[in-house]
Amino acid sequence: MRWWSLAAAVARAQTPESEPFRVPTVEVQEARSAPEAPESAARRDPSGALTVIPVEAGGSAARDTAALLSTASGVTLQDSGGYGQSKSLIVRGAAANATLVLLDGIPLNGAGGIADVSRVPVALAERFEVLRGGAGARYGSGGLGGVVNIVTRRPGSHARLAGELSYGSWDTAVGWLSATGPLLGGEALVLVHGATSSGRFPYRFNPNPTLPGGPQEERRRVNNDARAAGGLVRLRRDLGAHLTLDVLGELSADGRGLAGTAQNPSEDARQDAGRGAVNLRLAGAWAGGTRLEARAYARGDRLRFAGGVGALPAQVQVLGGVEVEGRARVGAWQTVSALVGLGGESVSAVETNAAGGERPTWARASVMAMDEVWLGGERVLLAPSLRLERAGPYTLWSPKLGATVLLPAGLEVRANAGRAHRAPSFLELYVRQGTLLPNANLRPERALYADAALVHRTDASLASVGGFASLYEDLISYEAYPPGAARPYNVARARVVGLEAEGEWRPHPLVSGALAYTWMVSRDLQRDGRFYLRALPYRPGHKVSARVGAGPRWLTGRVELAAQSAHALTRDGAQVLAGRAFVHAGLSSTWGTRPELTVSAEVRNVLDARAEDFVGYPLPGRAVYLSVAGTFEPGGAPP
């Protein structure tokens, strides 16, 4: 039995001329699905709370990765303001360094454990997979809150050129160009991308914050510019009747000004970074459902700061590894999977307490096993899994039990419970960063979690409502270390519970909509009267993302809403970030098929709402972008 996502059902029901736009696919899980790549979230966690966001749902190229990911329920964006500025994710209340971000399975979390998704352009991606809930059993250390897998564009067997160029407010220009076609007996993709923005948007500033209701000044952000460029190459080739080779290479370079907060602006602090990644995957499939996949990957990251408090030598992180995963059918109702992985990582540091010198190095090893058992005539799936991992000096074990029950009338129940870990990062253990001191005695953070949801799907709609609970223990928190410094300790505990609702609806081929809502209650459990039972900072209690679109292919309109409630900025609740609501709107017109041309206009923050994030980082007001995108297939190759 196969259960298809709503997106696939809608695609079958429509003609290309009537499709207005594509909406995110919510809670997509497939029973007895066709084999997928091993890094696919649906493969690795068949009962997980998964949202798949197609890049085509995101409008113009000027819309960044962070904005698309924040449309999923359970995901909160931490934004330092403006295109190209630092952006990180909080999933189900876990800290930003407790969410794994992967590029086709390659970990992107830096030496500090936080992945800056602003450094991943939308142009690279075909879709985003957001897996919410502890993911230690399937992905290893770091997935306390969840995993975001960025699935890159696929190579093609037919010659095809595609590209897009956007230009808009504050001299923001974003573009990409790709070519696919046959190469060396296989299928190839070559893509280049680039972006630049001055970031000089206006914001309101109160020069006398101690006087409530005082007059505000209109200022402009300075030293808030950003630039980036890079490329992606993929090659896929069949090596016979059973084997397929997939090779990926990615390079990027970016730089930006670090403007600082409105209260403490910086006019000369700069960050320059570069990344290179390579991934080789060999996959084999045989009769009877047996699959064997081997993968080798490597990534290097270079980060350099200048200005501000002074120039620092470049910090370089290098990591790599190999994984072998097998999957086999055992009898008629059972599938067994196993994975073995070996790897390592190292980081250069300005100042370090590592016993081995100036470049601490870790080895990593892990083994994982998962059993998928179908019961009741393929109506019930039980999926227990266990991972044992050695990360540097730490031994971690992460069990999980997942279950899916298929009910009549298009209903489905899924549930998960387990445990996950995050080993301390190199920076927390070894590297001194100004007044932030390392602590080599840190213990891994851990999470106990459970969730359950009810899913209903038809050919024209899909809805999911569920609850989750997480207990985070031994959380690493920086505490005062006299005189005038801070050091990380395992002192924090937290409890997070909440509800998540997501849905899609297409009542007519020319009308569609999507909605994601999160209600979350977080509590600090540290036995300190200043913090005990207070809400965790940066965790809004309510978050809504909605989209409505209508129109034929030649003129499609859409309106979007992104809103969140007020929440604390500090652990004692003394500072609060006001709630906010942003409304976005766009129009697009697509003509032809080969070639195809799309012209679009997008207005971000239509109502010019002025807001901040973090402690005084202004966010942009109203912005307007125009985009032109096209595809061309020489020789009239089929789409």
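Residues numbered from 1 in each chain as written. Predicted model: local features only at pLDDT ≥ 70, side-chain atom pairs only at ≥ 80, totals over all residues. Heavy atoms only, no water.

Examining the pattern of salt bridges
Turning to step 1, where the next piece is worked out: Here the structure, examined in full by the defined rule, presents 48 salt bridges.
Turning to step 2, where the next piece is worked out: The partner of E218 in a salt bridge is R610, and the shortest N-O contact between them spans 3.6 Å. Taken together, the residues E218 in strand β13 (residues 217-220) and R610 in the loop between β33 (596-604) and β34 (612-613) connect sequence positions 392 residues apart.
Turning to step 3, where the next piece is worked out: Here R414 and D451 are joined by a salt bridge, their closest N and O atoms 3.4 Å apart. Here D451 lies in strand β24 (residues 445-457) and R414 lies in strand β23 (residues 411-422), a separation of 37 residues in the sequence.
Turning to step 4, where the next piece is worked out: Exposure remark for D451: the relative accessible area of 7% places this residue in the buried category. (Salt bridge = Lys/Arg side-chain N within 4 Å of Asp/Glu carboxyl O. Helix = DSSP H or I, 4+ residues; strand = E, 2+ residues; numbered from the N terminus. Buried < 20%, exposed > 50% of the residue type's maximum accessible area, 1.4 Å probe, protein only.)

Examining the packing of aromatic side chains
Turning to step 1, where the next piece is worked out: Considering all chains together, one arrives at four aromatic pairs under this definition.
Turning to step 2, where the next piece is worked out: Each ring, one from W362 and one from Y394, has its centre 6.0 Å from the other, and the planes form 75 degrees; the classification is edge-to-face. Taken together, the positions of W362 in strand β20 (residues 361-375) and Y394 in strand β22 (residues 394-406) put the pair 32 residues apart, joining distant regions of the chain. In terms of burial, W362 and Y394 fall into one category: buried.
Turning to step 3, where the next piece is worked out: An aromatic cluster is present here, built from W362, Y394, F426 and Y430 joined pairwise through their rings.
Turning to step 4, where the next piece is worked out: The ring of Y139 is capped by R44, whose NZ or CZ atom sits 5.3 Å from the centre of that ring.
Turning to step 5, where the next piece is worked out: Across the ring face of Y203, the terminal group of R221 is positioned such that the distance to the ring centre comes to 5.9 Å. (Phe/Tyr/Trp six-rings, centres within 6.5 Å; stacked < 30°, edge-to-face > 60°. Lys NZ or Arg CZ within 6 Å of the ring centre and 35° of its normal.)

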